[in-house]
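# Inside the fold
Next come the chains, spelled out residue by residue.
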Amino acid sequence: MIGSPFILKEHTSVRFTMIKVMAALVPGTLAYAWYFGPGIWISLVWCSLLGIGFEAVALVIRGRPLQPALTDGSVLLTAWLLALSIPTLAPWWLYMTGMFFAVVVAKHLYGGLGQNLFNPAMVGYAALIISFPVFMTQWAAPTTLANIVPNLSDAFDLVFVGGSITPDAYTSATVLDSLKTATRGGHTVLDAFAQPIHGLIAGKGMELVAIMYLFGGLFMISNRLITWHIPVAFLAAIALTAGVLQGLDPAHHAGPLFHMMAGGSMLGAFFIATDPVTACTTPRGKLIFAGLAGFLTVIIRTFGGYPDGVAFSILILNTAAPFIDAFSQPRVFGHAKGVK
Amino acid sequence: MISAIIVMAVIGLVLGSVLGWAELFYRVAGDPLADKINDILPQTQCGQCGFPGCRPYAEAMAKGEADINRCPPGGEPGIQRLADLLGVEAKPFGEGVAPKPKSVALIDENTCIGCTLCIQACPVDAIVGASKQLHVIVADLCTGCELCLAPCPVDCIHMEVVHETVNNWKWRYPLIPIHQQREAA
Amino acid sequence: MSGKVYPIPGGLHPPEHKTESNAKAIIVAPLSAHYVVPLRQHIGQPARALVKAGDSVLKGQMIGAPEGRISAAVHAPTSGRVVAVEARPVAHPSGLPDQCVVIEADGKDTAADMQPIAWRDLPPGELHQRLVNMGLAGQGGAVFPSHVKLATGGTPIETLILNGAECEPWITCDDRLMRERATEIMQGAEIMRHALGAKRILVGIEDNKPEAAQAMQSACEQLKLAAEVTAVPTRYPSGGAKQLTQLLTGLETPSGKISTDIGIQVFNVATAYALQRAVELGEPMLTRVVTITGHVAGPCNIEARLGTPIDELIRLAGGDLAETSGHVIGGPMMGFDLDDTASPLVKSVNCIIAKNQELFPPHPPAMPCIRCGQCALVCPAVLQPFELYWHAKSKNFAKARAYKLFDCIECGCCSHVCPSHIPLVDFYRFAKSEIAADDRAKLAAEGARQRHEFQLLRQEREKKEKAERLGKKASERLDTGAVAADDPEAERKKAILEAAIERARQAKEAVHAKNTESLTPDQQHQIDEIEARRQAAPQDSEQQA
Ligand code: SF4
Ligand code: SF4
Ligand code: SF4
Ligand code: SF4
């Protein structure tokens, strides 16, 4: 007994939405694999398997049917986002811990898809960076800088067996790390930028991955999967905050462009802050939400203890999203301006 | 150590007096609780709760002298609302008390002798008519309390269940396909 | 030819499916063997039956009189004999039966006397009184009695809007009507403008109906009528009254108000056509054009008399094809499932769509809401449908109301785009009707409480009066002041209250019997009816009693 409308829009389903978002991630992922070696495929596949496994276990424990939730694609997207946000070539249990926190704690303890307060991938990320900071700084170096570029089977060994190659040979710090180290050590931004890891604007390789994410994001906007509000406000706030800081003290603060391209900015702007479940939903709310998140990102990067602030700023704003929404309801048709 | 105790004590005193003052300042005259309870009761005035009408029952509940599960016309939702208001657990109806479908009284037009006894019995003035005239129950006003049945000397009043019509029909809670239903359970 | 079009929020463009039925000219349905005429075909109070089984009626004879202010008359569609006045299945989302007058046609189709109305001689604001018994009701879907809408008073009407948008998929009855009978429609519009004293006429037609717009334009030229025919973008729900108003004038109808409050009156084109017939020919509303389409052999538009059984109309459209899985009344976005095809055609039915699995696939299972906001993007009322859904689902009606549930026009856009396939609109309908029922119950309880308290007061007063009378007899010196001395304040208040009540009571009781005071016309009518029946009943039963 379901009434009108009797016709539903074709090709719309949660699964289809998730697939389109993942499609938007493909260029970024390909660029990632190109610049940082094939290790990303191992972590992607491993995280996906873990995600499906955890999801299934959580569903069974909660007494829910498996099929609809497992096939909606949401857990795969979470897995993919987590894999792209943490270093490749880390031990297998690191991914496992991250996915556990993402799927079981952040998603299912809150009631499953649509009910979670926090972005699952970011919860996984935060749990890892708090618990295992060392592993989380061992990023695969760009292939042009690494002494050894592990091929697929090396990567498999590194993840699951723990190979004999020392991490120094294939990892490097990220630009954000080197910036932090430099400014902490009393050096200037220019010193940090002189490091080989620094490319044209931000991290070598990473800046191109970021541009690919940008393209993916534009694809999502043109496909009406997301609206422009969050990415634009997020990036604009990053640029503004970074610009002000740089204006105050050019020697110790990197500029707007750097902050927009470095670390998780692009991924966060288009793929993580826009997670509809945990973000604000009203147009004005989205602007406030993403604006504050962007501001906090730069603040955490500059003054906080962790190199990147995307995850934490988004998690903090996740808690505020319902309140921001409540106070930013759009004017309903036929209601006078200013009347709530 | 001693200074800490003193500080705590002072804070306690200050907060306590603020609370006490607030209690005095915001106190509402009359018996707001009984009013609030009365607002929830269906005002059928049937007396099935054992009180002569809804208001006395509300007052008894406000004083804590009566249980919340004694008003059949209010049904389960009524109990739930009372429980929410009073901050207690909802409970099922007691022995022998059960809600009935909403009914209205009907007077057999050809039998009524116009004795006015039912008019006097009806707590909500739902019966119109004058002495020796036919009496009519205004269906919209009748609360279905059944108090008029007994006094009628010719037994011409009976209750009729109010059926669903195009007029009072309500949309149902959407029936959701299988897996969500289980989720709701 | 096109006037200015203003932007409106939300909306979408589902597959149109107009070509199935819009190519063929309107078919006039032949006389049917019997007609079932529901007394409730409009918003408001149902009509009161004027006939009983056995009566013979003429075509156009009023068989149900309007009851109360917002109501419309119903008329016999042909001449014949009334076989029953009883509950019959009708086209209603509930599937519940409703009171109908069943007429057996005699085949002669003898018409009652019908007199045209010399409308040009009537000053504005008077025409509507002549139309009260014409049974006109809006044919766009809301079926609001037209004579009420043509009454003036309140905000003067500046603008008359004719709604020919017909934005729902599949439906083409207004399209065909405009193509074939534009002159009559525009004459109707002229009458409306005169009745309302409106200054200008705007006609809104979606730009997927160029032929209709062309026909309307030429009709205006031919009649030398200064009306602006505007092509509005094909974007559902442009035909919503508030939406079309905004599209054509840029004005937003305030929440909880109707367009009349901002000096605009909106009529469907088919209503203008019916009005023209009522005024120029004196013919009450007897027919309407309805689209029969979907999974039928020959989709078409049929001009049929109200009361024609729907299965007969389907037969005229070639009948259902194999594997028809049901019928929709109205459009696919806002219509409802028909339970019984024996139900009659009524004033509100603009379309009947036969369903099959392919055209109307079964609703996929619903998933949890992912707050994707797709629904909010298309909502023409700028609501946050997922918030409404959340609160309606958890039966938190106060919250749903706070999120402006009652500004939802139930257009179905949100359900249409929801990737989780949640039947959102069903939740809103559920919540709305629960809230409405709750409000009714509260009102009834409040009334019951007041009457009960009044009764208690009255009883007490009567008791006291009695005591006083006795007291007075015993001692003439005792006056009310002395009685009140015990508790001066309370007694004084009570005395004032009682004095007021007493005055009111005396004023009424002077002429009325006890407890028949303050009856609504409706209740009075109920009583009269029973009295009448009682008069008719055999005398002995009364003596027995
Ligand atoms: S049982 Fe009857 S009298 Fe008592 S509260 Fe309920 S409705 Fe009122
Ligand atoms: S008419 Fe009878 S049943 Fe109805 S309210 Fe009055 S006493 Fe109760
Ligand atoms: S379209 Fe559906 S899933 Fe998306 S926010 Fe609206 S109700 Fe939720
Ligand atoms: S049905 Fe209501 S909530 Fe949904 S789109 Fe239409 S107006 Fe908005």
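Residues numbered from 1 in each chain as written. Chains lettered and ligands numbered in written order. Predicted model: local features only at pLDDT ≥ 70, side-chain atom pairs only at ≥ 80, totals over all residues. Heavy atoms only, no water.

## Some details on the nonpolar core
All names here are of chain A. One finds Leu-25, Tyr-32, Tyr-213, Phe-234, Phe-271 and Phe-289 to be the most contacted residues of the largest nonpolar core, which totals 103 residues. Examining the composition of this core, we find that ten residues originate from one element, helix 1 (residues 14-36), more than from any other. Both domains that meet at this core, namely domain 1 (10-172) and domain 2 (175-327), each give it at least three residues. Among all residues touching Leu-25, those that are not within four sequence positions of it are Leu-77, Trp-80, Leu-81, Leu-84, Tyr-213, Leu-267 and Phe-271. (Core = buried A, V, L, I, M, F, W, Y, C linked by side-chain atoms within 4.5 Å. Buried < 20%, exposed > 50% of the residue type's maximum accessible area, 1.4 Å probe, protein only. Helix = DSSP H or I, 4+ residues; strand = E, 2+ residues; numbered from the N terminus. Domains from an automatic or database assignment. Contact = heavy atoms within 4.5 Å.)

## A few points about the site of ligand 2
Ala-105, Cys-122, Pro-123, Val-124, Ile-127, Ile-137, Cys-142, Thr-143, Gly-144, Cys-145, Glu-146 and Cys-148 of chain B make up every residue found near ligand 2. For the shell around ligand 2, a count of residues per class yields nine nonpolar, two polar and one charged. (Near = heavy atom within 4 Å. Nonpolar A, V, L, I, M, F, W, Y, C, P; charged D, E, K, R; others polar.)

## Describing the interface of chain A and chain C
The partner chain C presents 52 residues to the 36 residues of chain A that form the contact. A buried area of about 3,700 Å², summed over both sides, lies between chain A and chain C, and 61% of it is on carbon and sulfur atoms. Across the chain A-chain C interface, the total number found is two salt bridges. Across the contact surface, chain A and chain C share 17 residue pairs in polar contact (both at pLDDT 80 or more). Among the secondary structure elements, those contributing two or more residues to the side of chain A that touches chain C are helix 1 and helix 15 (310-327) of chain A. Taken together, the residues of the side of chain A that touches chain C break down into 17 nonpolar, 13 polar and six charged. (Buried area = accessible area lost by both parts, 1.4 Å probe. Salt bridge = Lys/Arg side-chain N within 4 Å of Asp/Glu carboxyl O. Polar contact = N/O pair within 3.5 Å; in protein donor to acceptor, adjacent residues only side chain to side chain.)

## Structural notes on the pattern of salt bridges
Residue and element names in this part refer to chain C. Counted by the stated rule, this structure contains 33 salt bridges over all chains. For the salt bridge of Glu-190 with Arg-120, the shortest nitrogen-to-oxygen distance reads 3.8 Å. Within this pair, whereas Glu-190 is found in helix 4 (residues 173-196), its partner Arg-120 is found in the loop between strand 8 (97-105) and helix 2 (127-130), the two being separated by 70 residues in sequence. The buried category is assigned to Glu-190, whose relative accessible area is 16%. Judged by relative accessible area, which is 57%, Arg-120 ranks as exposed.

## Remarks on the site of ligand 1
Neighbouring ligand 1 are 14 residues; Cys-46, Gly-47, Cys-49, Cys-54 and Cys-71 of chain B lie closest to it. The residue makeup of the shell around ligand 1, split by class, is nine nonpolar, five polar and no charged.

## Overview of the sheet that holds strand 15 (residues 326-329) of chain C
Residue and element names in this part refer to chain C. The strand order across the open sheet formed by six strands is 1-14-13-17-15-16, and the pairing between neighbours is mixed. Since the sheet does not close on itself, it has two edges, and those belong to strand 1 (27-28) and strand 16 (336-337), each with one partner. Of the pairings in the sheet, the one linking strand 13 (residues 287-294) to strand 14 (residues 300-305) comprises six bridges and is antiparallel in character. From the neighbouring strand, Arg-288 faces strand 14, where its bridge partner is Ala-304. Against the sheet, helix 4 makes contact with strand 13 and strand 14, and its axis sits at roughly 125 degrees relative to strand 13, the strand it touches most. (Pairing = 2+ DSSP bridges. Axes fitted to C-alpha atoms, helices over the stretch in contact; angles between N-to-C directions.)

## Here's the deal with the side chain of Asn-38 of chain B
Locating Asn-38 of chain B in the fold gives a position in helix 2 (residues 32-40). Apart from residues no more than four positions distant in its own chain, Asn-38 of chain B is found in contact with Gln-43, Cys-54, Arg-55 and Ala-58 of chain B together with Arg-449 of chain C.

## Overview of the domain arrangement of chain A
Residue and element names in this part refer to chain A. In terms of domain boundaries, chain A breaks down into domain 1 (10-172) and domain 2 (175-327). Taking only C-alpha atoms into account, the centre of domain 1 sits 21 Å from that of domain 2. The partner domain 2 presents 29 residues to the 32 residues of domain 1 that form the contact. Summing both sides of the interface, domain 1 and domain 2 together bury roughly 2,700 Å²; the carbon and sulfur share of this comes to 79%. Sorting the residues of domain 1 by area buried against domain 2 places Ala-24, Asn-119 and Met-122 first, and these three jointly supply 18% of that buried surface. For the interface between domain 1 and domain 2, the tally reads zero salt bridges. Inspection of the domain 1/domain 2 interface yields two residue pairs in polar contact (both at pLDDT 80 or more). Secondary-structure elements contributing two or more residues to the side of domain 1 that touches domain 2 are helix 1, helix 4 (74-85) and helix 6 (120-131). When residues of the side of domain 1 that touches domain 2 are assigned to their parent elements, the largest contribution, eleven residues, is made by helix 1. By residue class, the composition of the side of domain 1 that touches domain 2 is 21 nonpolar, ten polar and one charged.

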